[in-house]
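Report on the structure
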Amino acid sequence: MPFSEEDGGFGDSAVDLMVMMEEFGKAMLVEPFLPSVVLAGRLLAALGSPEQKAESLPALMAGNLQLALAWAEPGSRYNLANVRLSARVESGNCILDGSKLNVLNGPNADKLIVIARESGAVADREGISAFLVDRDAAGLDVQAYANLDSCRAARITLSEVAVAESARLGAPGGALAALEKVIDHGTVAVCAQAVGALDSLLQKTVEYSKTRKQFGTHIGSFQALQHRMADMFMECQLARSITVMAAMQLDAGVPAGDKAAAVSAAKSRVGKAIRRVGQEAIQIHGGIGMTDELDVSHLFRQVTGIELLFGDSDFHTRRFAQLQTASG
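Remember, it's a predicted structure, so these values are computed and weren't measured experimentally. (Residues numbered from 1 in each chain as written. Predicted model: local features only at pLDDT ≥ 70, side-chain atom pairs only at ≥ 80, totals over all residues. Heavy atoms only, no water.)

A word on the environment of D199
Residue placement: D199 occurs in helix α4 (residues 176–209). For D199, a relative accessible area of 16% gives the class buried. Taking the C-alpha atoms as reference points, D199 and P2, separated by 197 residues in sequence, lie 24 Å from one another. Not counting residues within four places of it along the chain, the set of residues in contact with D199 comprises K26, C236 and R240. (Helix = DSSP H or I, 4+ residues; strand = E, 2+ residues; numbered from the N terminus. Buried < 20%, exposed > 50% of the residue type's maximum accessible area, 1.4 Å probe, protein only. Contact = heavy atoms within 4.5 Å.)

Here we look at the environment of D251
Locating D251 in the fold gives a position in helix α5 (residues 223–251). Residue D251 is classed as partly exposed on the basis of its relative accessible area, which comes to 36%. Each C-alpha atom, one on D251 and one on D12, is 8.8 Å from the other, the two residues being 239 residues apart in sequence. The residues touching D251, leaving out its near neighbours within four places in the chain, are D12, S13, A14, V15 and K259. A polar atom in the side chain of D251 sits 2.9 Å from the backbone nitrogen of A14. At 3.1 Å, the side chain of D251 forms a polar contact with the backbone nitrogen of V15. (Polar contact = N/O pair within 3.5 Å; in protein donor to acceptor, adjacent residues only side chain to side chain.)

A short note on the environment of L80
The topology assignment puts L80 in the loop between β1 (67–70) and β2 (86–90). Spatially, the C-alpha atom of L80 lies 35 Å from that of D292, the residues being 212 residues apart in sequence. If sequence neighbours within four positions are ignored, L80 has contacts with W71, I128, L176, L179, E180 and I183.

Re the packing of α4 against α5
For the pair α4 and α5, the least separation of the axes is 9 Å and the interaxial angle reads 160°. What the angle tells us is that α4 and α5 run roughly antiparallel. As for the relative orientation of α4 and α5, their crossing is left-handed in sense. For the pair α4 and α5, the contacting residues are D184, H185, V188, C191, A192, V195, L198, D199, L202, T205, V206 and S209 in the first and M229, M232, F233, C236, A239, R240, T243, A246, A247 and L250 in the second. Classifying every residue of the contact of α4 with α5 gives 15 nonpolar, 4 polar and 3 charged. (Axes fitted to C-alpha atoms, helices over the stretch in contact; angles between N-to-C directions. Parallel < 35°, antiparallel > 145°, perpendicular 65-115°, else oblique. Left-handed = near helix turned anticlockwise from the far one by under 90°. Nonpolar A, V, L, I, M, F, W, Y, C, P; charged D, E, K, R; others polar.)

Topic: the side chain of Q302
With respect to the element layout, Q302 can be found in helix α7 (residues 295–308). A polar side-chain atom of Q302 sits 2.9 Å from a polar atom in the side chain of Q193. Apart from residues no more than four positions distant in its own chain, Q302 is found in contact with G25, M28, D149, Q193 and A197.

Here is the structure:
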């Protein structure tokens, strides 16, 4: 779905991806579609040479290859240009040295796309490259763990890892612009995933209120709870509408700044809906809403993790304001 027809995909439409990710959110999909395909796969498609794409993309689309994108570092704070992991050229090889955090699907990936700095100071926009690294490369250490939503991630440490210069994706030092576009697409994808999960939380909460009795009557008959569930419904609709808008902007021929502003507006608004709908669902369910026996708790953890992924509401509110100021 997230690839162009030239690369063997269905057209690379953000709207199509949004529809699919919303259904994934409802179903609490655990397969690594986001990290392997939407993030790493799209960056490979954007930067890779015809030979690199021919080697990996068909296998990825067939489900025979898993990828992971390693971009976040300690202290980077959602700034994609804040890259300390270094890459230097020696005798025809590129030597990678440093570490990455929260590498989604890192424990299971066959190959990693590692973002590294070849030149410039930390946080400079120029000098950032992407390298395709085998999972079993000498000097690469993977420390696996489970995230809040129980999906697998890893801390990746590269100690003088040597890869051929042909493993570089795109021109030396020119990967940041493509990385920003991929992360924006990933942000809209998780917004859509959150919309699906929030809709499921709402429906399950309404259903529960019609069966749970308190003081001899169904709690759904209490006006105060009806008002709270009506507020949940409005938050879900606002989140869906702004996610549709952001996806349409990504597909439209508008300036890059407008696309980025639409993405941040969506992530900020969806983050607010996550807190409101998620917390209300837990509270109306009561104690059982906190248990692993009920899928509501798993949906809540999923959306809580999404609120932090690629920047929380506060970050995207500030980013939206900065982009609006720059364009105005």
